[in-house]
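Given next are the chains, with one letter for each unit.
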Amino acid sequence: MSQARGRRRLRPAAPPALRRPLALAGLAVIGAWAVIAIFAPLVAPDNPLAQKFTILAGPSAGHWFGTDELGRDVFSRVLFGARITLPLAVILILAAMIIGSVIGGVAGYFGGWVDNVLMRLADLVFAFPGIILALAIAAALGPQLRNAVIAVVVVSWPSYARLVRSLVLSARSAQYVVASRLLGASGVRILFTDIRPNAAGPVLVLAALDIGNAVLLLSGLSFLGLGAQPPTAEWGAMVAEGALNFNDWWVGLFPGLAILTVVLAFNFIGDALRDLLDPRTARAVRATGTRLWPMRCCGSSG
Amino acid sequence: MADALLRVERLSVALPTRTGYHKAVDDLSFAVDAGEVMGIAGESGSGKTITALSLFGLLPHGARVTGSIQLDGTELTAMTSKQLRAIRGRQIAMVSQDPATSLHPILPIGTQLTEHMRHHLGVSKPEARSRAADLLATVRIPDPERALRSYAGQFSGGMRQRIAIAVALAAEPRLLVADEPTTALDVTVQAGILRLLDRLCRERGLAVIVITHDLGVMSATAGRLCVMYAGRLAEAGPTAELLTRPRHPYTRGLLDALPHPEAAGAALVPIGGSVPSLGRVPDGCPFHPRCRYARPSCATDRPEPGPVAPAHLLACPPDPLRAAS
Amino acid sequence: MSEPVLQLSAIAVEYRRGGQRVRAVDGVDLTVARGEIIGLVGESGCGKSTLARAAVGLEPLAAGRVTFEGRDVPHLGRRRRPAYLRGLQMVFQDPYESLNPRRTIGELIADGDRLAGGTRRDGLRHAAELLERVGLPATAVDSYPHEFSGGQRQRIAIARTLATQPSCLIADEPISALDASAQAQIANLLSELVDDADLGLVLVSHDLSVVRQVADRVAVMYLGRIVEIGDTDTVWASPRHPYTEALVAAIPRADGAGVLPVDLPGDVPDPASPPAGCRFHPRCPIVQDSCRELDQQLAPVAGREIACHVRSRSAAPAR
């Protein structure tokens, strides 16, 4: 067993993921939005639904982001919008991840006709461009925020299913899985105790990168009138209003920027997570975290 | 030995690691004559492969080399990469452990041989082809003409290693470095390769350096032996003498760890502890933590190789208590 | 030596290669008793690893059957392995692949107990004991496989199988991937365990010297068949089958005498089209005309069995 001791002189050539400014910026941005979402009623200067101000007034000291065509404070609406977009995106991705992982895991482990049926189902969803299918589902279910969420979940789960299936397929023939089978482990147990820890990483990375997508899809649906309904302050819907009031640029720009910052932030976090979980750079990261590079990994055996 | 083909003197190779530069090879000296087979023995982590690579100038990026490597009087450490490229293959060639990776998987064997030949010797294509066929016959590949048209994947491990040897010999080098040439092979196949190397050495006056941890292989092929530990020379001398009357505790430990014909049924005797990794080499004698005969001075005084008999070097202070083996 | 714990009867294992059915193992009988170590040796392509895998149920049988403690060992398809086979375990060759990199050592070893219905706490406690049994500190339970060397990992893998209190272990090249020191240590450990726990052990290895040191009996395989089987000392001291002779003569001795080992000309034939009659005849130094027609069968000679009618003077009709 190696106790890592040694001089703290590290080679500058290895960039640890935790030091990546982009990932930290991403975390900071999401953290900020999370705080805003929680404390919106306390932080926002005005009621997001109150239509009492001057219509379409540009950004000013009293209204940092101006007002929209119904006289509502855009700044307050943007802040309140976080309360919808952020939690929904996270819930949405969690749902897609769980559903997709279970389906993919079962398909990969048991194979045969089960695998065929499940994967053809996934292929069916993949056959359509995401936004089109989400649109169709949301429209069929009715214009409601809840239905938009369902639509995006339906569109998102197959990516996880495919990923988990391929991870399970490769893990299935791994010797440690064979060893577990010889000890008498059942298929389900192997999936959960042996394969899941190895699959969790890539799935989480996919999820982190996918949240950005989910935000875009959700906002897109709202933009098209199929998600959040007026007068709810939701960013996508606000951008739609902005499209109608093009000359009054502040109405659409600020909600658009909000979407942009959230999506970018999640992308940066996802990239960093991917580097973190890549076995080759993972050691470099752990090395800077709590302990130094354990020398034993440098090739001695015996 | 003033006319040695290869003379290595006080070679040290330091490699960059997370904790700074550490010596993978430390003050190593040896010489090889034409027509002789010399062995470099040691476990993994002993520095033997780095030594081989340093002869070719193929060290990892950032490695620092001090000392001298002279091939027929020419200093290799002072050469540019262009000069080294001219030497590799033509004067010294290497055969490594895994024939699966040392032969090109997609080019026909004939091409691999002829290209090599033509590049270094400048012969015409038909001439190269005929020489290639001869080489394959020399290494006992059946049906050489057909073999020239075949691909690496169509041959067994042993055959591929023979072909790798043929490729190494294509440009008629004077020194062949074989790094664990038979470790990956079955024992009967290994026997064939060892006999081949022996014959080539005798017939062509080739100098061969065999690098392996297998003392049986050393005993069968090498006339002289260098035993390395943690980058340093532990003992060097005639193989017969080192294997029957080992002086260095490490050499003795290696021999004791081998299954013995007389002691069948008894437990094997491994050397306690493990080889120190790069950067963790103990002060003083690197072997002292694992050595049965270690004295307090072994932890501080670094033993230098000194002669204990004609052509027999030992890096261990004399001790009357363990004079007899 | 007690009654057999593992019995292989007329085992044949096939695989498909480009539409052809190739027999990796073709008619092998083997018996393992508790407290004995059987070495299974042979060179590449002889089928010893396939045989080892078939013995634990990892390969479907084309013929014959495997019996463990009197009960049939079925092929491990998709279903859970039956509980009565818990006592039959395997140690794999690659210590870097046989341990799940993302689970702690304690969890890995505790699997044995937990899969038998035990609690996690008991499993971990037992894991600590087993680690000490194999020569590692009990504190290793919280560590991960990558923190250990190859030899140490192999000990962990062995500890893992011990958690099921096995009566028979199949070790498929357990030391080939290790350094010389570690090889000796693991070989010794297996030997001790066989004595202490009265295990039956099948030790598959291409390293004849180690098998010779540790095994009570040895079986030599060539092209899917056993060609010689008997007590290790007997077989080693005076091998009777020409292939065994060649194997023994090919081992270089570290005696400083400078003697080159004897080589065996020719190559191992393609298992898809084995030679007619005796499979070894194209390379055999004592080949006779009858060898090209008559197949081999194991027959007793000088205290062991060999499949060579020339030496054992027993002929079998061609199959």
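Here the structure is a predicted model, which means the values were calculated and not measured. (Residues numbered from 1 in each chain as written. Chains lettered and ligands numbered in written order. Predicted model: local features only at pLDDT ≥ 70, side-chain atom pairs only at ≥ 80, totals over all residues.)

A.B. asks: Whenever I open this one, the overall build of chain B confuses me. Can you help?
C.D. replies: For chain B, the helix and strand inventory stands at 11 helices and 12 strands. Taking 325 residues into account, the globule formula puts the C-alpha radius of gyration at 20 Å, and chain B, at 21 Å, falls close to it. Seen through its C-alpha atoms, chain B measures out along the principal axes to roughly 65 × 50 × 40 Å. Per-residue burial over chain B gives 49% buried out of 325 residues. (Helix = DSSP H or I, 4+ residues; strand = E, 2+ residues; numbered from the N terminus. Rg over C-alpha atoms; globule rule 2.2 N^0.38 Å. Buried ≥ 20, exposed ≤ 12 C-beta atoms within 10 Å, placed from the backbone.)

A.B. asks: Explain the overall build of chain C here, please?
C.D. replies: On a plain count of helices and strands, chain C comes out with 9 helices and 12 strands. Compactness check: chain C gives a C-alpha radius of gyration of 21 Å against a globular reference of 20 Å for 319 residues, within 12% of the reference. Across the 319 residues in chain C, those meeting the buried criterion constitute 54%. The contacts in chain C between residues at least 6 apart in sequence include a share of 62% that link residues at least 24 apart. (Contact = placed C-beta atoms within 7 Å.)

A.B. asks: Sorry, what's going on with the pairing of strand 6 (residues 92-95) of chain B here?
C.D. replies: Regular strands place side chains that alternate from one sheet face to the opposite one. Residue and element names in this part refer to chain B. Of the two faces of strand 6, the one holding Ile92 and Met94 and the one holding Ala93 and Val95 are both buried throughout. Bridge count between strand 6 and strand 7 (residues 175-179): 4 bridges; the pairing is parallel. Note on strand 7: the bridge partner recorded for Val95 is Ala178. (Pairing = 2+ DSSP bridges.)

A.B. asks: What am I meant to see in the nonpolar core here?
C.D. replies: Proteins that are soluble and globular tend to have nonpolar side chains buried together. Formed by 284 residues in total, the largest nonpolar core has its most connected members in Val152(A), Val202(C) and Leu203(C). Apart from residues no more than four positions distant in its own chain, Val152(A) is found in contact with Leu92(A), Ala134(A), Ala214(A), Leu217(A) and Leu218(A). (Core = buried A, V, L, I, M, F, W, Y, C linked by C-beta atoms within 7 Å.)

A.B. asks: What is the right way to read the domain arrangement of chain B from this model?
C.D. replies: Often, the extent of an interface is quoted as the loss of accessible area on bringing the components together. Residues and elements named next belong to chain B. If you check the domain split of chain B, you get domain 1 (1-91 + 175-189 + 206-258 + 272-316) and domain 2 (99-172). Domain 1 and domain 2 are separated by 30 Å when their C-alpha centres are compared. Every contact between the two is made by 7 residues of domain 1 and, on the other side, 7 residues of domain 2. Classifying every residue of the side of domain 1 that touches domain 2 by side-chain character gives 5 nonpolar, 1 polar and 1 charged. (Domains from an automatic or database assignment. Nonpolar A, V, L, I, M, F, W, Y, C, P; charged D, E, K, R; others polar.)

A.B. asks: So what exactly am I meant to see when it comes to the interface of chain C and chain B here?
C.D. replies: The interface of chain C with chain B comprises 36 residues on the first partner and 33 residues on the second. Those elements that place two or more of their residues in the side of chain C that touches chain B are helix 5 (180-197), helix 6 (208-214) and helix 8 (242-249) of chain C. Counting residues per element, the side of chain C that touches chain B draws most heavily on helix 5 of chain C, at 7 residues. A breakdown of the residues in the side of chain C that touches chain B according to their chemical character gives 17 nonpolar, 11 polar and 8 charged.

A.B. asks: Got a minute to help me understand the sheet that holds strand 4 (residues 64-71) of chain B in this structure?
C.D. replies: Residues and elements named next belong to chain B. If you walk across this open sheet you meet the 4 strands as 2-1-4-5, and the pairing is antiparallel. Single-partner strands in this sheet number two, and they are strand 2 (20-32) and strand 5 (74-75). Strand contacts of helix 1 (residues 48-56): strand 1 (6-17), strand 2 and strand 4, with the helix running at about 75 degrees to strand 2, the strand carrying the most contacts. (Axes fitted to C-alpha atoms, helices over the stretch in contact; angles between N-to-C directions.)

A.B. asks: Quick question: what am I supposed to make of the environment of Glu69(A) here?
C.D. replies: Its place among the elements puts Glu69(A) in the loop between helix 1 (21-43) and helix 2 (74-110). In contact with Glu69(A), other than residues within four places in its own chain, are Ile55(A), Leu56(A), Glu241(A) and Asn245(A).

A.B. asks: Sorry if this is basic, but what is going on with the sheet that holds strand 1 (residues 4-17) of chain C here?
C.D. replies: Pairing between the strands of a sheet comes from backbone hydrogen bonds, and it takes one of two forms, parallel or antiparallel. All names here are of chain C. Across the sheet, which stays open at both edges, the 4 strands sit in the order 2-1-4-5 with antiparallel pairing between neighbours. In this open sheet, the two strands that pair with only one neighbour each are strand 2 (20-33) and strand 5 (71-72). Note that strand 1 and strand 4 (residues 63-68) share 5 bridges and pair antiparallel. Considered in strand 4, the bridge of Ser9 is made with Arg65. Strands strand 1, strand 2 and strand 4 of the sheet are contacted by helix 1 (residues 48-56), whose axis makes an angle of about 120 degrees with strand 1.

A.B. asks: Can you help me understand the domain arrangement of chain C in this one?
C.D. replies: Residue and element names in this part refer to chain C. Split into domains, chain C comes out as domain 1 (4-87 + 164-312) and domain 2 (96-163). Measuring from the centre of the C-alpha atoms in domain 1 to the corresponding centre in domain 2 gives 29 Å. Facing the 12 residues of domain 1 at the interface are 12 residues of domain 2. Looking at which element gives the most residues to the side of domain 1 that touches domain 2, the answer is helix 5, with 4 residues. Of the residues contributing to the side of domain 1 that touches domain 2, the split by class is 8 nonpolar, 2 polar and 2 charged.

A.B. asks: Please explain the packing of helix 3 (residues 112-126) of chain A against helix 5 (residues 145-172) of chain A as it appears in this structure.
C.D. replies: Helices that pack against each other are described as a pair by the angle of their axes relative to one another and the distance between those axes. All names here are of chain A. The N-to-C vectors of helix 3 and helix 5 enclose an angle of 130 degrees; their axes lie 9 Å apart at closest approach. Between helix 3 and helix 5, the angle is such that the two are oblique. Between helix 3 and helix 5 lies a crossing whose hand is left-handed. Residues Ala122, Val125 and Phe126 of helix 3 pack against Val154, Val155, Pro158, Ala161 and Arg162 of helix 5. Considering only residue class, the contact of helix 3 with helix 5 consists of 7 nonpolar, no polar and 1 charged. (Parallel < 35°, antiparallel > 145°, perpendicular 65-115°, else oblique. Left-handed = near helix turned anticlockwise from the far one by under 90°.)

A.B. asks: When you look at the packing of helix 2 of chain A against helix 5 of chain A in this model, what are you seeing that I'm missing?
C.D. replies: All names here are of chain A. Packing of helix 2 against helix 5 brings their axes to within 6 Å, and their N-to-C directions diverge by 40 degrees. Between helix 2 and helix 5, the angle falls in the class oblique. When the axes of helix 2 and helix 5 are compared, the crossing they make is right-handed. Of the residues in the contact of helix 2 with helix 5, the class split is 20 nonpolar, 7 polar and 3 charged.

A.B. asks: How do you make sense of helix 4 (residues 150-162) of chain C when you look at a structure like this?
C.D. replies: An α-helical turn contains 3.6 residues, so a residue and the one three or four places further along point in the same direction. Under the 1.5 Å per step criterion, the end-to-end length of helix 4 of chain C is 19 Å for 13 residues, consistent within 8% with the ideal 18 Å. Taking burial as the measure, the 13 residues of helix 4 of chain C include 12 buried ones, the bulk of the element. Residues Gly151(C), Gln152(C), Arg153(C), Gln154(C), Arg155(C), Ile156(C), Ala157(C), Ile158(C), Ala159(C), Arg160(C), Thr161(C) and Leu162(C) constitute the buried set of helix 4 of chain C. In this structure, the buried side of helix 4 of chain C is in contact with helix 6 (175-182) of chain A together with strand 6 (88-91), helix 2 (105-114), helix 3 (120-133), strand 7 (168-172) and helix 5 of chain C. (Expected span 1.5 Å × (residues − 1).)

A.B. asks: Just checking my understanding: could you explain helix 6 of chain A for this structure?
C.D. replies: In terms of burial, helix 6 of chain A is largely enclosed, as 7 of its 8 residues are buried. When helix 6 of chain A is considered as a whole, its buried residues turn out to be Tyr176(A), Val177(A), Val178(A), Ala179(A), Ser180(A), Arg181(A) and Leu182(A). In this structure, the buried residues of helix 6 of chain A make contact with helix 5 and helix 7 (187-223) of chain A together with helix 1, strand 6, helix 2 and helix 4 of chain C. At the exit of helix 6 of chain A stands Gly184(A), carrying a positive phi of roughly 105 degrees.

A.B. asks: Whenever I open this one, the environment of Gly87(C) confuses me. Can you help?
C.D. replies: Residues and elements named next belong to chain C. Relative to the assigned elements, Gly87 resides in the loop between strand 5 and strand 6. Here Gly87 falls in the partly exposed class, since 19 other C-beta atoms lie within 10 Å of it. Sequence spacing of Gly87 and Leu208 is 121 residues, and the spatial spacing of their C-alpha atoms is 27 Å. Those residues within four positions of Gly87 in sequence are excluded, and the remaining contacts are Glu69, Thr164, Gln165, Pro166, Ser167 and Cys168.

A.B. asks: Please clarify how the environment of Ile306(C) should be interpreted in this entry.
C.D. replies: Residue and element names in this part refer to chain C. Inspection of the secondary structure assignment puts Ile306 in strand 12 (residues 304-306). Among the residues examined, Ile306 registers 29 C-beta atoms within 10 Å and is labelled buried. Excluding its chain neighbours within four sequence positions, the residues that come into contact with Ile306 are Val227, Glu228, Arg240, His241, Leu298, Ala299, Val301, Arg311 and Ser312.

A.B. asks: Mind showing me how you'd approach the confidence of the model for chain C here?
C.D. replies: Residues and elements named next belong to chain C. Looking at chain C as a whole, its pLDDT mean stands at 89, while 97% of the residues score no less than 70. Of all helices and strands in chain C, the one with the weakest mean pLDDT is helix 9 (residues 309-312) (84), whereas strand 6 scores best (96). This model gives residues 314-319 a pLDDT under 50, and the stretch forms 12 contacts once residues within four places in sequence are excluded. Both scores are available for the predicted complex, with the pTM at 0.79 and the ipTM at 0.87. (pLDDT = per-residue confidence, 0-100.)

A.B. asks: Just to check I follow, could you spell out unusual backbone geometry for this structure?
C.D. replies: Most peptide bonds take the trans configuration, and most residues that are not glycine carry a negative phi. Positive phi is not limited to glycine here, since Ala230(B) has a value of about 50 degrees. According to the C-beta neighbour criterion, Ala230(B) is buried, with 25 such atoms within 10 Å. Of note, Asp198(C) is a non-glycine position whose phi angle comes to about 55 degrees, a positive value. Residue placement: Asp198(C) occurs in the loop between helix 5 and strand 8 (200-205).

A.B. asks: So what exactly am I meant to see when it comes to the pairing of strand 4 of chain B here?
C.D. replies: All names here are of chain B. The pairing of strand 1 with strand 4 spans 7 bridges and is antiparallel. Paired with Val8 across the bridge in strand 4 is Ile69. As paired elements, strand 4 and strand 5 share 2 bridges and run antiparallel to each other. Paired with Leu71 across the bridge in strand 5 is Thr74.

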